Amino acid sequence: KTEEKLIAATNKLEKAGTAADDSERAKKVFQSKAEDDEKRIINLEKELKEAREKAEAADASYDETAKKLAGCDSDLERAEERADVGETKITELEEELRVVANNLKSLEVAEEKANQREKSYKEQIKTLTAKLKQAEARAEFADKSVQKLQKEVDRLEDELVGEQDKFKAITEELEQTFAEMSGY
């Protein structure tokens with residue numbers, strides 16, 4: 001009977017030893033897993049911080065681009081106003097030129113006075129023509145300015161779209177990171 005108790009006690013001891021070994025192995029596995037998880041959490045936090053910094057930089061770049069775009073819009077409006085003023089001046093000068101031509105025709109009756117006045121009118125015509133050319137040049141310059149501003153607006157819009165795409169990519173990356181973090 002004592003032998004049976006001894007055998008039973010020995011069996012229990014072996015089972016307890018095996019269970020202790022199994023527990024020790026499980027403990028090591030869980031410790032290793034916990035260390036890996038800690039490292040992954042640290043890396044994810046670092047990635048999150050970098051993603052936030054990128055998002056802030058993208059926001060700042062977007063704001064700056066929006067300000068530039070607003071400035072270009074303002075410049076474009078002023079250029080269009082100058083072009084309109086130039087066109088009005090051209091119309092006025094053309095009307096003035098017609099008046100001068102009509103006056104010349106009516107004054108041809110008195111030849112002596114007409115010749116003297118004709119010289120005066122020719123000078124006025126030269127001046128008006130010069131003014132007309134200047135106005136046309138200003139209008140052409142205004143048109144070129146509008147084209148330049150439009151190109152700049154287009155470039156800024158392209159830049160804005162690029163920045164928005166970058167921001168979208170960063171946002172998606174952030175959302176993916178958050179999804180991964182919340183999955184753990």
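You'll find the structure just up there.
Residues numbered from 1 in each chain as written. Predicted model: local features only at pLDDT ≥ 70, side-chain atom pairs only at ≥ 80, totals over all residues. Heavy atoms only, no water.

> Now, about empty space enclosed by the protein: what can you tell me, with residues and values included?
Following the criterion strictly, the structure yields one cavity of 30 Å³ or more and no others. Taken as a whole, the largest cavity spans an internal volume of roughly 30 Å³. Around the largest cavity, the lining residues are Leu-93, Glu-94, Leu-97, Leu-128, Thr-129 and Leu-132. Among the residues making up the lining of the largest cavity, the classes are represented as four nonpolar, one polar and one charged. (1 Å grid on protein atoms, 1.4 Å probe; cavity = no way out; pocket = protein on both sides within 12 Å on 5 of 7 lines; lining within 4 Å. Points joined across faces, edges and corners; volume = space filled by probe spheres on them. Nonpolar A, V, L, I, M, F, W, Y, C, P; charged D, E, K, R; others polar.)

> Account for the environment of Ala-58, naming residues and giving values.
Inspection of the secondary structure assignment puts Ala-58 in helix H1 (residues 2-107). With relative accessibility at 7%, the residue Ala-58 sits in the buried group. Taking the C-alpha atoms as reference points, Ala-58 and Asp-165, separated by 107 residues in sequence, lie 9.8 Å from one another. (Helix = DSSP H or I, 4+ residues; strand = E, 2+ residues; numbered from the N terminus. Buried < 20%, exposed > 50% of the residue type's maximum accessible area, 1.4 Å probe, protein only.)

> For a negative patch on the surface, give the residues involved together with the corresponding values.
Taken together, the side chains of Asp-73, Glu-77, Glu-80, Glu-81, Asp-84, Glu-87, Asp-143, Asp-154, Glu-157 and Asp-158 make up a negatively charged region of the molecular surface. Listed by contribution, the elements that provide at least two residues to the negative patch are H1 and helix H2 (111-183). Take the negative patch: its biggest share by element is six residues, from H1. Looking at the element boundaries, Glu-80 is found in helix H1. The partly exposed category is assigned to Glu-80, whose relative accessible area is 38%. (Patch = residues over 30% accessible without salt bridge, like charges linked within 9 Å, V, L, I, M, F, W, Y side chains within 5 Å. Areas by Shrake-Rupley, 256 points an atom, 1.4 Å probe, with all protein chains shown as cover. Salt bridge = Lys/Arg side-chain N within 4 Å of Asp/Glu carboxyl O. Lys, Arg positive; Asp, Glu negative; His and termini not counted. Charge placed at Lys NZ, Arg CZ, Asp CG, Glu CD.)

So far we have only geometry, and geometry alone does not tell us how the molecule works.
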